[in-house]
Amino acid sequence: MAWRSVGANNEDLIRQLRDYGVIASDAVAKAMAETDRKHYSPRNPYMDAPQPIGGGVTISAPHMHAFALEYLRDHLKPGAHVLDVGSGSGYLTACFYRYIKAKGDSTETRVVGIEHQADLVRMSKANLNADDSRMLSSGQLQIVEGDGRKGYPTSAPYNAIHVGAAAPDTPTELIKQLANGGRLIVPVGPEGGSQYMQQYDKDANGKVEMTRLMGVMYVPLTDLRS
């Protein structure tokens, strides 16, 4: 099982995720191989399990990041606007950026990570700069501090939205900020209860269809006061 794997290094971890069938595409493998988890996970970066990064927050297991990239990959194109809610260490935000850049350049591309803990915002920026400072300096990737449950209207609408913590019910505000033809993936369900990774697709006419993908276990989507 993928979540029991441990890589000797980042390349080995990605190879194992490919062998297990978690990573299905060359482009996702490339984005994850180029984004070394050592910059984003201070403990056990190559273990396929959640790891603490501070502030009571964890970085998700690598297989969940791989699933997110695979489910969203058709919406990650040059010129796309992407929102990563609960961006934490900045790892998946970097993967989104690299995936799109590998497809081509566009001055319209925007990849936004939103995180409500100021310490994590600072840490994630430091992580990104340690990885490759050109990501932030490009102006096409940014990390902002805010309540991700409300999205980030400044760069909306989004072609792809990923949420890294569980919403208690349908994330209406995020769906509003989804572009026609866009896709949102988000864990939904109560803390300690049944949670499912759900996919929301908005068609060209704005109609939304929900697909339940898999059972998951995530910490709740919160603000600093809850």
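Rules and cut-offs
- Residues numbered from 1 in each chain as written.
- Predicted model: local features only at pLDDT ≥ 70, side-chain atom pairs only at ≥ 80, totals over all residues.
- Heavy atoms only, no water.
- Core = buried A, V, L, I, M, F, W, Y, C linked by side-chain atoms within 4.5 Å.
- Buried < 20%, exposed > 50% of the residue type's maximum accessible area, 1.4 Å probe, protein only.
- Helix = DSSP H or I, 4+ residues; strand = E, 2+ residues; numbered from the N terminus.
- Contact = heavy atoms within 4.5 Å.
- Pairing = 2+ DSSP bridges.
- Axes fitted to C-alpha atoms, helices over the stretch in contact; angles between N-to-C directions.
- Expected span 1.5 Å × (residues − 1).
- Arc of directions from axis to C-beta.

**Structural notes on the nonpolar core**
Then, number 1: In terms of nonpolar packing, the biggest core is built from 43 residues, with Ile23, Met32, Leu69, Leu76, Val82, Phe96 and Leu128 touching the most fellow members.
Then, number 2: Of all the elements in the fold, those that place two or more residues in this core are helix H1 (10-19), helix H2 (26-34), helix H3 (62-72), helix H4 (91-103), helix H5 (118-132), helix H6 (134-137), strand S5 (141-145) and strand S9 (208-216).
Then, number 3: It is H4 that provides the largest number of residues to this core, a total of eight residues.
Then, number 4: Setting aside residues up to four positions removed in sequence, Val82 forms contacts with Leu76, Phe96, Ile100, Arg110, Val111, Val112, Tyr158 and Ala160.
Then, number 5: Among the nonpolar cores identified, the runner-up in size contains 17 residues, and Leu83, Val144, Tyr152 and Val188 belong to it.

**Re the sheet that holds strand S4 (residues 110-115)**
Then, number 1: Overall, mixed pairing links the seven strands, which are arranged S5-S4-S3-S6-S7-S8-S9 in an open sheet. Among the strands making up the open sheet, the edge pair consists of S5 and S9. Pairs of neighbouring strands in the sheet enclose a mean axial angle of 15 degrees, with direction left out of account.
Then, number 2: Sheet topology places strand S7 (residues 178-188) next to strand S8 (residues 195-202); six bridges connect them, and they run antiparallel. By the bridge assignment for S8, Pro187 is matched with Met197.
Then, number 3: Sheet contacts for H4: strand S3 (81-85), S4, S5 and strand S6 (158-163); angle to S4, the most-contacted strand, approximately 175 degrees.

**Some points on H5**
Then, number 1: With 15 residues, H5 extends 21 Å from end C-alpha to end C-alpha; this agrees with the ideal 21 Å at 1.5 Å per step.
Then, number 2: All of the buried residues along H5 are Leu120, Val121, Ser124, Asn127, Leu128, Asp131 and Asp132. Each buried residue of H5 sits inside an arc of 125 degrees when the element is viewed along its axis, so together they form one side. Within H5, the exposed residues directed more than 90 degrees away from the buried face are Asp119 and Arg122.

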